[in-house]
Amino acid sequence: MNNHITAETPVTFSLPRRINRLADFAYNLWWIWNPEAIRLFNLIDKALWEAVYHNPIVFLRDVGRAQLNAVVNDRHFLDAYDRVIKNFDSYVKGNHTWYHKTYPNAGEEQIAYFSFEFGLHESIPVYAGGLGVLSGDHLKEASDLGLPLVAVGFLYTQGYFSQKISEDGWQENRNQALKLENLPVMPLKDENGKPVTVSVDLTGRKVFAKLWQINVGRVPLILLDSNVEPNNASDRMLTSRLYSNDLDLRISQEIILGIGGVRAIRALGLNPAAWHMNEGHSAFLTLERVREMVLQGKTFEEACEVVRRSSIFTTHTPVPAGNDEFALWLIDKYFPLYWQELGITRDQFIDIARNKAKWGGDAFSLPVLAMHLANYRNGVSELHGEVSRKMWHFLWPDKQEKDVPISHITNGVHTGTWLARQLRGLFDRYLASDWLERIDDPTVWDGIDNIPDAELWMVRRHLKRKLMAYIMERSRNTWISTTIHPVQIIAGGALLDPYALTIGFARRFATYKRANLILRDMDRIMNLLNQPNHPVQIIFAGKAHPADEGGKLLIQEVYRAVKNARNGGRLVFLEDYDMNIARYLVQGVDIWLNTPRRPNEASGTSGEKAAINGVLNFSVLDGWWREGFNGKNGWAIGDDIEYADHDAQDSADAASLYDTLENEIIPMYYDQRSADNLPDEWMARMKESIRTMAPQFCTRRMVKEYMTDMYLPAMQSSVNKVVVNKEKG
Ligand SMILES: *Cc1c(COP(=O)(O)O)cnc(C)c1O
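Residue numbers run consecutively from 1 along every chain, following the written order of its sequence. The predicted nature of this model means local features are confined to residues of pLDDT at least 70 and side-chain atom pairs, given and counted, to a pLDDT of 80 or more, with totals for whole chains, interfaces and linings taken over all residues. Only hydrogens and water are set aside when side-chain values are computed; all heavy atoms of the structure are taken into account.

*Asks:* In this structure, what is going on with the overall build of the chain? I would like to understand it.
*Replies:* Every helix listed is a DSSP run of H or I at least four residues long, and every strand listed is a run of E at least two residues long, numbered separately from the N terminus. On a plain count of helices and strands, the chain comes out with 28 helices and 22 strands. Between the two quantities, the radius of gyration covers C-alpha atoms and the globule rule is 2.2 Å times the number of residues to the power 0.38. Radius of gyration (C-alpha) of the chain: 26 Å, near the 27 Å computed for a compact globule of 729 residues. Principal-axis analysis of the C-alpha atoms places the extent of the chain at approximately 80 × 70 × 60 Å. Residues are treated as being in contact if the distance between any of their heavy atoms lies within 4.5 Å. In the chain, once contacts between residues fewer than 6 apart in sequence are set aside, the share between residues at least 24 apart is 74%. Carbon and sulfur atoms make up 49% of the accessible area of the chain, which amounts to about 28,000 Å² in all. This count recognises Lys and Arg as positive and Asp and Glu as negative, with His and chain-terminal groups excluded. Every charge is mapped to an atom, namely NZ of Lys, CZ of Arg, CG of Asp or CD of Glu. Here the chain holds 81 positive side-chain charges and 90 negative ones, and the gap between their average locations is 4 Å. To be clear on the numbers: accessible area is Shrake-Rupley with a 1.4 Å probe, and residue cover counts the displayed protein chains and nothing else.

*Asks:* Whenever I open this one, the site of the ligand confuses me. Can you help?
*Replies:* We call a residue near a given molecule or strand whenever any one of its heavy atoms falls within 4 Å of it. Neighbouring the ligand are 14 residues; Ala582, Gly604, Thr605, Ser606 and Lys609 lie closest to it. Whenever two N or O atoms come within 3.5 Å, that pair is a polar contact, provided that in protein one can donate a hydrogen and the other can accept it, and provided that, for residues adjacent in sequence, both atoms are side-chain atoms. One nitrogen or oxygen atom from the side chain of lysine 609 is found 2.6 Å from an oxygen atom belonging to the ligand. Secondary-structure elements contributing two or more residues to the shell around the ligand are α6 (130-145), α23 (579-588) and α24 (606-612). Considering only residue class, the shell around the ligand consists of 5 nonpolar, 5 polar and 4 charged. Counting contributing residues, the shell around the ligand receives three or more from each of domain 2 (112-282) and domain 4 (483-698). Asp, Glu, Lys and Arg are counted as charged, while Ala, Val, Leu, Ile, Met, Phe, Trp, Tyr, Cys and Pro are counted as nonpolar; the rest, among them Gly, fall into the polar class. Domain boundaries shown here were taken from an automatic or database domain assignment.

*Asks:* Can you walk me through the sheet that holds strand β18 (residues 536-541) in this structure?
*Replies:* Across a sheet, paired strands are connected by hydrogen bonds in the backbone, their directions being either parallel or antiparallel. Whether two strands pair depends on DSSP finding at least two bridges between them. Pairing within the open sheet is parallel, and its 6 strands lie in the order β19-β18-β17-β20-β21-β22. If you trace the sheet from one side to the other, it starts and ends with β19 (571-574) and β22 (634-637), each paired once. Put simply, the sheet's adjacent strands are angled 20° from each other on average, direction ignored. Fitting a line to C-alpha atoms yields each axis, with helices limited to the stretch in contact; the angle taken between N-to-C directions then spans 0 to 180 degrees. Helix α26 (residues 646-670) rests against β17 (501-506), β18, β20 (591-594), β21 (616-620) and β22 of the sheet, and its axis sits at about 160° to β22.

*Asks:* Before we go on, may I ask you to explain the pairing of β20 in this structure?
*Replies:* Walk down a regular strand and you will see the side chains alternate between the two sheet faces. Categorising residues by exposure relies on relative accessible area from a 1.4 Å probe, with only protein chains included: less than 20% of the type maximum marks a residue as buried, more than 50% marks it as exposed, and the intermediate range marks it as partly exposed. Burial along β20 is two-sided: Ile591 and Leu593 and Trp592 and Asn594, pointing in opposite directions, are all buried. Where β17 meets β20, 2 bridges bridge the pair, whose relative direction is parallel. Paired with isoleucine 503 across the bridge in β20 is isoleucine 591. Looking at chain direction, β20 and β21 are connected through 4 bridges and run parallel. Note that in β21 the partner of isoleucine 591 across the bridge is leucine 616. By convention a crossover is right-handed if, when the strands point away from the viewer, the path from the first strand over the helix to the second runs clockwise. Running through α24, the crossover from β20 to the neighbouring parallel element β21 is right-handed.

*Asks:* How should I be thinking about the pairing of strand β9 (residues 219-225) in this particular structure?
*Replies:* Counting buried positions along β9 yields 7 of 7 residues, so the element is predominantly enclosed. Residues of β9 alternate between two faces, with Val219, Leu221, Leu223 and Asp225 on one and Pro220, Ile222 and Leu224 on the opposite face, all of them buried. Here 4 bridges tie strand β3 (residues 149-154) to β9, and the two strands are oriented parallel to one another. Along β9, the bridge assignment pairs glycine 153 with leucine 223. Two strands pair when backbone bridges link them, and strand β8 (residues 205-216) and β9 are joined in this way by 7 bridges, in the antiparallel orientation. Looking at the pairing, lysine 210 lines up with aspartate 225 of β9. Hairpin connection between β8 and β9: a loop of 2 residues separates the two successive antiparallel strands, and glycine 217 in this loop has a positive phi of roughly 60°.

*Asks:* Would you explain helix α19 (residues 453-481) in this entry?
*Replies:* Spacing of three or four residues puts side chains on the same side of an α-helix, whose turn is 3.6 residues. When the terminal C-alpha atoms of α19 are compared, their 42 Å separation across 29 residues agrees well with the 42 Å that a helix rising 1.5 Å per residue should span. Along α19, the positions that sit buried rather than exposed are Leu456, Trp457, Val459, Arg460, Leu463, Lys464, Leu467, Met468, Tyr470, Ile471 and Ser475. In a helix, the anticipated span is given by 1.5 Å times the number of residues less one.

*Asks:* For this particular structure, what's the right way to read the packing of helix α20 (residues 486-494) against helix α22 (residues 549-563)?
*Replies:* Describing two packed helices takes the angle between their axes plus the distance from one axis to the other. Remark: α20 packs on α22, axes separated minimally by 9 Å, with the N-to-C direction vectors making an angle of 100°. Between α20 and α22, the interaxial angle falls into the category roughly perpendicular. Facing Val487, Gln488 and Ala491 of α20, the residues of α22 in contact are Tyr559, Val562 and Lys563. In terms of residue class, the contact of α20 with α22 is built from 4 nonpolar, 1 polar and 1 charged. Orientation labels follow simple angle bins: below 35 degrees gives roughly parallel, above 145 gives roughly antiparallel, 65 to 115 gives roughly perpendicular, and whatever is left gives oblique.

*Asks:* Explain the packing of aromatic side chains here, please?
*Replies:* What characterises a pair of aromatic rings is the spacing of the ring centres plus the angle enclosed by the ring planes. Any pair of Phe, Tyr and Trp rings, taking the six-membered ring for Trp, is counted once the centres come within 6.5 Å. Such a pair is stacked with planes under 30 degrees apart, edge-to-face with planes over 60 apart, and tilted for the rest. Applying the stated criterion to the full structure yields 43 aromatic pairs. Where tryptophan 98 meets tyrosine 103, the ring centres are 5.8 Å apart and the plane angle is 90°; that geometry is what we call edge-to-face. Taking relative accessible area as the criterion, tyrosine 103 reaches 2% and is therefore assigned buried. Measuring from centroid to centroid gives 5.6 Å for tryptophan 635 and tryptophan 682, while their planes differ by 50°, and the two rings are tilted. Placement of the pair is tryptophan 635 in strand β22 and tryptophan 682 in helix α27 (residues 680-693), with a sequence separation of 47 residues. Neither residue differs from the other here; tryptophan 635 and tryptophan 682 are each classed as buried. Taken together, the ring pairs connect Phe284, Phe335, Tyr338, Trp339, Phe349 and Phe364 into an aromatic cluster.

*Asks:* Help me understand the domain arrangement of the chain, please; the structure alone is not making it clear to me.
*Replies:* The accessible area lost on association of the parts is a frequent measure of interface size. Looking at the assigned domains, one finds that the chain contains domain 1 (10-93), domain 2 (112-282), domain 3 (296-409) and domain 4 (483-698). The gap between the C-alpha centroids of domain 2 and domain 3 is 23 Å. Facing 21 residues of domain 2, the contacting portion of domain 3 comprises 19 residues. Once two parts are brought into contact, the accessible area they lose, counted with a 1.4 Å probe and summed over both, makes up the buried area. Taking both sides of the interface into account, the surface hidden between domain 2 and domain 3 amounts to around 1,800 Å²; carbon and sulfur atoms contribute 60%. A per-residue breakdown of the area domain 2 buries against domain 3 is headed by Ile251, Met277 and Glu279, which together make up 30% of the total.

*Asks:* It is not clear to me how the environment of lysine 402 should be interpreted in this structure. Could you clarify?
*Replies:* As for its position among the elements, lysine 402 is in the loop between α15 (382-391) and β16 (407-408). Taking C-alpha positions, lysine 402 is 27 Å from cysteine 698, a pair spaced 296 residues apart along the chain. Among the polar contacts made by the side chain of lysine 402, one reaches the side chain of aspartate 403 at a distance of 3.4 Å.

*Asks:* Any chance you could explain the side chain of lysine 687 here in plain terms?
*Replies:* Here lysine 687 shows up in helix α27. In this view, lysine 687 contacts Ile448, Asp449, Ile451, Pro452, Asp453 and Leu456; residues no more than four positions away in its chain are not counted.

*Asks:* What's the story with the sheet that holds strand β14 (residues 362-365) in this structure? I'm lost.
*Replies:* Ordered by their spatial adjacency, 3 strands build an open sheet running β12-β14-β13, and the pairing between neighbours is antiparallel. Here the strands that pair on one side only, and so sit at the sheet edges, are β12 (325-327) and β13 (354-356). Each neighbouring strand pair of the sheet contributes to a mean axis angle of 50°, computed without reference to strand direction. Pairing of β13 with β14 involves 3 bridges; the strand directions are antiparallel. Looking at β14, one finds that asparagine 355 is bridged to alanine 363. Its contacts with the sheet place helix α14 (residues 366-373) against β12, β13 and β14, and it is angled at close to 60° to β14.

*Asks:* How should the nonpolar core be read in this particular structure?
*Replies:* Grouped burial of nonpolar side chains is what soluble globular proteins tend to show. Think of a nonpolar core as a cluster: buried Ala, Val, Leu, Ile, Met, Phe, Trp, Tyr and Cys residues, connected wherever their side-chain atoms sit within 4.5 Å. Counting residues in each nonpolar core, the largest one holds 150 residues, and the members touching the most others are Phe284, Phe335, Phe349, Phe364 and Tyr711. With 9 residues, the single largest contributor to this core is helix α28 (residues 699-716). The residues touching phenylalanine 335, leaving out its near neighbours within four places in the chain, are Ile251, Ile255, Ile259, Phe284 and Phe349. One finds Phe509, Ala541, Val572 and Tyr584 within the second-largest nonpolar core, a separate group that totals 91 residues.

This is how it looks when you write it as structure tokens:
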């Protein structure tokens, strides 16, 4: 990085000298995926750690002197502390990573990774859902593997909304300005101590964005923020929230991310050899890179060729309507001079991204732009790859559909982030000692059979109790602190049973995800929940996009069933789904349910988080699950086909869901017990699930695939070639 630019840590802490390295975790997120580091905070003051929502900055600022002095005199604490700091130091030094070993002759080339949102932790609420969590997991894994990656995104100064459900089941959205001094974001300053800013032109006015940095292990994440002098009041709000439906705001944000993001990379003195667009939101970056090269004397076509060879585009959207596109008048409004700088006409400019608009006529489509200017393109599961080749076939009319140049890399999850600490402990004891280094190696996971069923079951029961205790505590706090109707306390889980078979359903409430599928036959489901000695409970959670009326109606429909006394308190809706609740759920339930209407779930990742924790998936054969399911490691809902008629598909899927639940899942959980009261068949399925899924649906496998299939060839086409070490590679 340009050595005149520094990242400043805005808050300093007064800590006893013996443990003052704890401050390192305020501005490096490494601790998030290292349970031993998290345990240090718990040992110092568990209640405070919960109260500050797992935020080290607030924790270290607010923690009492007495608590700190106590641990400074505690041998066990100090041993743990020294071990954690030693691991951290050797991690950040990082000269024995997979990347170094595999590409020993790699030069200084870098990879730039752009995404609209990054979900790193619940204490940094600048993500909406799956795309953000995937981006966050990508960065953590790139750090673990030692990839020379730098990421670019937004610091949304109001974060994503928090969700309240009213008594009649309606989602209320609350936005609040984030306290930036509480976030692990460091302002970037130049040699004069001034904030580093970049600017873009928006309809004739210059709009500035200042730059912040978050350290994700070894990976820097650069965040743009338009709340800066001399922007006018409304421009200062441009980057305050995620996913507006206002098209002026949306195109402005996408210009700031794509064009401003390239300028941010340049301001830092960086020259990445590979540029990865995670979804189309950042696709304007291709145009900015072309512009740079045209200014330096290349022709438009030459510049496009360089950009194509060094760009990667990952699409996540299997429905045409879900893709970002703009009316041509909006393009005329925002890019009136830009095409001249590229040395082309307006028509040529539009042609790079021309698409048939959803409203008829022509539109400027960001995925089309990205498809045209990135030679490396992929969907995020095998089925989504197929769907994408079909959807974008028209861009390659001379090719057969199967030869459309879009491949797939199936999404994975970051094991360290999502695996329960207690399971990690079991794996430490029973798997190969270097299992964490080799999580994508299937042979490591054959060791799962070494774990005694009784021990694994004990951990599973512990994690379920932990989930229930968390929900009870939330209910209690809500009851104490707000004026709320008692039925909402019950709806929030106050009657949950820590011993009942528990199903989790948590995700964004979009209509295609069919959260109400399991409620389709109300008598049947109410009956199944309350069988004597075989109780079943279902925990729902999820937000709807504030502008998605259909999604909000779906929440209301679910909430009505949740409030219905007939369910006996066994249907529950948890408000304000986020990464914290996600962690509790994917670690604590027995069954993870997913019921998208095929083939709309590009991949999905929450089921992957559940799988590594020994939770069994029960899902439609869509996205990742279509690849993961082998007949013995969970259950499928419906068949491996699509119906033309939605209603017919919903009926068929619901029938399959009820039958499997009633005839297989419930009896297997309750009745098929061994002499020592362990559910034998269930345990076998659980082990099969961990064994087959942990190595396959992790970001270790995923990021390595991006590296070898996408980044490496892109980097090799740049001036300085990266050489692969054939022996180790
Ligand atoms: C993992 C995760 C998601 C994505 O889950 P899907 O299965 O892809 O729907 C969304 N939100 C949060 C908070 C998550 O942790």
